[in-house]
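Architecture at a glance
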Amino acid sequence: EPEVTQTPSHQVTQMGQEVILRCVPISNHLYFYWYRQILGQKVEFLVSFYNNEISEKSEIFDDQFSVERPDGSNFTLKIRSTKLEDSAMYFCASMRDRGTGANVLTFGAGSRLTVL
Amino acid sequence: AQSVTQLGSHVSVSEGALVLLRCNYSSSVPPYLFWYVQYPNQGLQLLLKYTTGATLVKGINGFEAEFKKSETSFHLTKPSAHMSDAAEYFCAVSFPGATNKLIFGTGTLLAVQP
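Residues numbered from 1 in each chain as written. Chains lettered and ligands numbered in written order. Predicted model: local features only at pLDDT ≥ 70, side-chain atom pairs only at ≥ 80, totals over all residues. Heavy atoms only, no water.

1. Focus: the nonpolar core
- Ranked by size, the top nonpolar core spans 29 residues in total, and within it Trp35, Leu48, Leu76 and Tyr89 of chain B carry the most contacts.
- For tyrosine 89 of chain B, the residues in contact, after removing those within four places along its chain, are Gln6, Leu21, Trp35, Tyr36, Val37, Leu47, Phe63, Leu76, Gly107, Thr108 and Leu110 of chain B.
- Listed in part, the 22 residues of the second largest apolar core include Val4, Ile26, Phe61 and Phe65 of chain A. (Core = buried A, V, L, I, M, F, W, Y, C linked by side-chain atoms within 4.5 Å. Buried < 20%, exposed > 50% of the residue type's maximum accessible area, 1.4 Å probe, protein only. Contact = heavy atoms within 4.5 Å.)

So this is what it looks like as structure tokens:
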């Protein structure tokens, strides 16, 4: 069964460092997402991406965050200068198309980011 | 504002007992409703979803959920718990629109005792 893969599974970084989290969505999917889950809290929407541009972003997704799809397969989340509060599990998801009903997001296993 | 509330961050049941995980939502427009499950060290996997039509929805692994508009609820049930059901369960909503983003509840960790 097709799956969304994320790397790394766990990354430890120092505060102020740049981090790139990588995702390979399902190959025929067109919509891409990043979510995060701070330990003990709910899964929060960060950003959605379609047709090579951001379609929606949350208040969390400030200037420190960026996304891109550099080569048509990878979908990356970059945090420019990490803060302690960026420590969380980051989930990538993809969706085939919008269609006329509720389409299902397929999630990756997540990348755990620890900022020291 | 749209939101999802899951009552009970931890639920423990005995093997073979009924599983009931509660989810309520707040929305001014009819939502789409989902339950996702997360097993340890794995991603979020869709259990079931409700869009329109029949309000009782059956999903994988014997789970089902019933949409009750009057109660703004979408509780998840399974008649008989199995040890393999131990996981974290997330209720989520989305709405017709450009991005289909999901709004999640805080999750319920289900423990199954032998």
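This is not the end of the story, as more comes after the structure.
2. Some words on the state of the cysteines
Residues and elements named next belong to chain A.
- Tallying each qualifying case throughout the model produces two disulfides over all chains.
- The disulfide partner of cysteine 23 is cysteine 92, and the S-S distance across this bridge is 1.9 Å. Residues cysteine 23 and cysteine 92 are joined by a disulfide whose S-S torsion is about -65°; by sign, that bridge is left-handed. Taken together, the positions of cysteine 23 in strand 3 (residues 19-24) and cysteine 92 in strand 9 (residues 88-95) put the pair 69 residues apart, joining distant regions of the chain. Like cysteine 92, cysteine 23 is buried. (Disulfide = S-S within 2.5 Å. Helix = DSSP H or I, 4+ residues; strand = E, 2+ residues; numbered from the N terminus.)

3. What about the interface of chain A and chain B?
- Counting from both sides, the interface comprises 23 residues of chain A and, opposite them, 22 residues of chain B.
- Interface area for chain A against chain B, summed over the two sides, is near 1800 Å², with a carbon-plus-sulfur share of 58%.
- Between chain A and chain B we count one salt bridge in total.
- Across the salt bridge formed by lysine 101 of chain B and glutamate 56 of chain A, the nearest N and O atoms sit 2.9 Å from each other. (Buried area = accessible area lost by both parts, 1.4 Å probe. Salt bridge = Lys/Arg side-chain N within 4 Å of Asp/Glu carboxyl O.)

4. Let's talk about the pairing of strand 12 (residues 108-113) of chain B
Residues and elements named next belong to chain B.
- Only one face of strand 12 is buried: it carries Thr108, Leu110 and Val112, and the other face, with Leu109, Ala111 and Gln113, is open.
- Of the pairings in the sheet, the one linking strand 2 (residues 10-14) to strand 12 comprises five bridges and is parallel in character. Residue pairing across strands places valine 13 opposite valine 112, the latter belonging to strand 12.
- Pairing of strand 10 (residues 87-94) with strand 12 involves three bridges; the strand directions are antiparallel. When the bridges of strand 12 are listed, glutamate 88 appears paired with leucine 109. (Pairing = 2+ DSSP bridges.)

5. Thoughts on the side chain of serine 94 of chain B
- For serine 94 of chain B, the location among the structural elements is in strand 10.
- Residue serine 94 of chain B is classed as buried on the basis of its relative accessible area, which comes to 1%.

6. What to know about the side chain of threonine 108 of chain B
Residue and element names in this part refer to chain B.
- Topologically, threonine 108 is positioned in strand 12.
- Classification of threonine 108 as buried rests on a relative accessible area of 0%.
- A polar contact is formed between the side chain of threonine 108 and the side chain of glutamine 6, at a distance of 3.3 Å.
- Of the polar contacts made by the side chain of threonine 108, one reaches the backbone oxygen of glycine 8; its length is 2.8 Å.
- Threonine 108 has contacts with Gln6, Leu7, Gly8, Ser9, Val11, Leu21, Ala87, Glu88 and Tyr89, leaving out every residue within four places of it along the chain. (Polar contact = N/O pair within 3.5 Å; in protein donor to acceptor, adjacent residues only side chain to side chain.)

7. Observations regarding the pattern of salt bridges
- One pass over the full model with this rule turns up four salt bridges over all chains.
- The shortest N-O distance in the salt bridge between lysine 58 of chain B and glutamate 64 of chain B comes to 2.8 Å.

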